[in-house]
Amino acid sequence: MLRIGLTGGIGSGKSTIAKLFIELGVPVLDADQVAHELVEPGQPALAEIVREFGHDILLDGHLDRARLRALILAVPELKHRLEAILHPLVYQTLNDRTQTIHSDYCVLAIPLLLETQHQDFVDRVLVVDCPVERQYARVAQRDTLDRTTIEKIITSQIGRSERLAAADDIIANDGDLTSLRPQVARLHALYIGLAQQLP
Ligand code: ADP
């Protein structure tokens, strides 16, 4: 099965695009969702995070995401330690779940696909692109994050030109929502065609 890696910066429109693929009946796996599941109470990854970060990282037994985000944005070494715990498990879980899917192709929504240098995990890299100012505006509207935090998240991610350089396919999400469906439909046809050429 062909694996399409859907990636893009925060607020670029990955989830919006993922929904359009789902509407077309395409299986979509979401790395963020997997990461959330992996740190639910009782999961081994949560115990490991508590070992690294201390019990203060919990709020009523759950991972305190806001605190964790503040810590890793402030201290790069902590970010690396968190990634060392989570990233291998996320990719392993995505890989396992991909094996159970029967479809011409599937979409793996992986925000940090390029940052984690896992391009080879997928057959094609699909980048959702939009200007950085749009990312700010969308995230500010969607989440309760201040501009400094959004700025830190954006600068911690790969730059726009580098991301575009790694893309096999690009969805331009700099206009209104109606411009997305035709782009997804065109890629859907492309991916089905490519899947049928697989040995
Ligand atoms: P990501 O998953 O990349 O972080 P989302 O798909 O969640 O991004 O989009 C971020 C926010 O911007 C969401 O609230 C979404 O509804 C909105 N959004 C995305 N694309 C557009 C667009 N073309 N026009 C208007 N709002 C958009």
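Residues numbered from 1 in each chain as written. Predicted model: local features only at pLDDT ≥ 70, side-chain atom pairs only at ≥ 80, totals over all residues. Heavy atoms only, no water.

(A) Region of interest: the overall build of the protein. A tally of regular secondary structure across the protein gives nine helices and seven strands. Its C-alpha atoms give the protein a radius of gyration of 17 Å, within 12% of the compact-globule value 16 Å for 199 residues. Taken along its principal axes, the extent of the C-alpha atoms in the protein is 50 × 40 × 25 Å. Taking all 199 residues of the protein together, 43% fall into the buried category. The contacts in the protein between residues at least 6 apart in sequence include a share of 73% that link residues at least 24 apart. Summed over its atoms, the accessible surface of the protein is roughly 10,700 Å², and 52% of this surface lies on carbon and sulfur atoms. For the protein, the distance from the average site of its 20 positive side-chain charges to the average site of its 27 negative ones is 3 Å. (Helix = DSSP H or I, 4+ residues; strand = E, 2+ residues; numbered from the N terminus. Rg over C-alpha atoms; globule rule 2.2 N^0.38 Å. Buried < 20%, exposed > 50% of the residue type's maximum accessible area, 1.4 Å probe, protein only. Contact = heavy atoms within 4.5 Å. Areas by Shrake-Rupley, 256 points an atom, 1.4 Å probe, with all protein chains shown as cover. Lys, Arg positive; Asp, Glu negative; His and termini not counted. Charge placed at Lys NZ, Arg CZ, Asp CG, Glu CD.)

(B) Layout of the site of the ligand. As a structural note, the neighbourhood of the ligand is formed by 14 residues, with Lys14, Ser15, Thr16, Arg142 and Asn173 the closest of them. The separation between a nitrogen atom of the ligand and a polar main-chain atom of Gly175 is 3.0 Å. Taken by itself the ligand offers 550 Å² of open surface, and the protein chains cover 75% of this. For the shell around the ligand, the element with the most residues is helix H1 (residues 14–23), which contributes three residues. (Near = heavy atom within 4 Å. Polar contact = N/O pair within 3.5 Å; in protein donor to acceptor, adjacent residues only side chain to side chain.)

(C) The side chain of Thr98, seen in detail. If you trace the backbone, Thr98 turns up in helix H5 (residues 76–99). Classification of Thr98 as buried rests on a relative accessible area of 5%. The contact partners of Thr98, leaving out residues within four places of it in the chain, are Met1, Arg3, Leu29, Cys106 and Leu108.

(D) Geometry of the packing of aromatic side chains. Summed over the entire model, instances satisfying the criterion amount to four aromatic pairs. Taking the centre distance of 5.0 Å and the plane angle of 70° together, the rings of Tyr91 and Phe121 count as edge-to-face. A residue pair is termed long-range when its members are at least 10 positions apart, and Tyr91 in helix H5 and Phe121 in the loop between strand S5 (105–109) and strand S6 (124–129) qualify at 30 residues. Looking at Phe121, the relative accessible area reads 15%, which means it is buried. Just above the ring of Phe121 sits the side chain of Arg3; from NZ or CZ to the centre is 4.8 Å. (Phe/Tyr/Trp six-rings, centres within 6.5 Å; stacked < 30°, edge-to-face > 60°. Lys NZ or Arg CZ within 6 Å of the ring centre and 35° of its normal.)

(E) Molecular detail of H1. For H1, every residue scored as buried is listed here: Lys14, Ile17, Ala18, Leu20 and Phe21. Buried residues of H1, seen end-on, are gathered within an arc of 160° and therefore sit on one face of the element. Across from the buried face of H1, at angles greater than 90 degrees, the exposed residues are Lys19 and Glu23. Buried residues along H1 sit against strand S1 (2–7), strand S2 (28–30), S5, S6, strand S7 (169–172) and helix H9 (180–196). A positive phi of about 85° marks Gly25, the residue just after H1. (Arc of directions from axis to C-beta.)

(F) Representation of the sheet that holds S7 within the structure. In space, the five strands of this open sheet follow the order S2-S5-S1-S6-S7, with parallel pairing throughout. In this open sheet, the two edge strands, each paired with only one partner strand, are S2 and S7. Across the sheet, the axes of successive neighbouring strands diverge by a mean angle of 25°, strand direction being ignored. As judged from the five bridges shared by S1 and S5, these two strands associate in the parallel manner. (Pairing = 2+ DSSP bridges. Axes fitted to C-alpha atoms, helices over the stretch in contact; angles between N-to-C directions.)

(G) Just the domain arrangement of the protein, in detail. Domain annotation of the protein identifies domain 1 (1–27 + 103–199) and domain 2 (32–100). Listed per partner, the contact involves 16 residues of domain 1 and 10 residues of domain 2. Interface of domain 1 and domain 2: buried area, both sides summed, is about 1,100 Å²; carbon and sulfur atoms make up 69% of it. In terms of surface lost to domain 2, no three residues of domain 1 exceed Arg3, Phe121 and Lys152, which account for 32% of the buried area on that side. Linking domain 1 with domain 2 are zero salt bridges. (Domains from an automatic or database assignment. Buried area = accessible area lost by both parts, 1.4 Å probe. Salt bridge = Lys/Arg side-chain N within 4 Å of Asp/Glu carboxyl O.)

(H) Quick peek at the nonpolar core. Core analysis: the largest hydrophobic core is formed by 34 residues, its most contacted members being Ile49, Phe53, Leu94 and Ile110. Counting residues per element, the ones that place at least two in this core are helix H2 (31–38), helix H3 (44–53), helix H4 (65–74), H5, S5 and S6. If you tally residues by element for this core, the top one is H5, at seven residues. Looking at which domains feed residues into this core, each of domain 1 (1–27 + 103–199) and domain 2 (32–100) gives three or more. Not counting residues up to four positions away in its chain, the partners in contact with Leu94 are Leu29, Ala31, Val34, Ile110 and Phe121. (Core = buried A, V, L, I, M, F, W, Y, C linked by side-chain atoms within 4.5 Å.)

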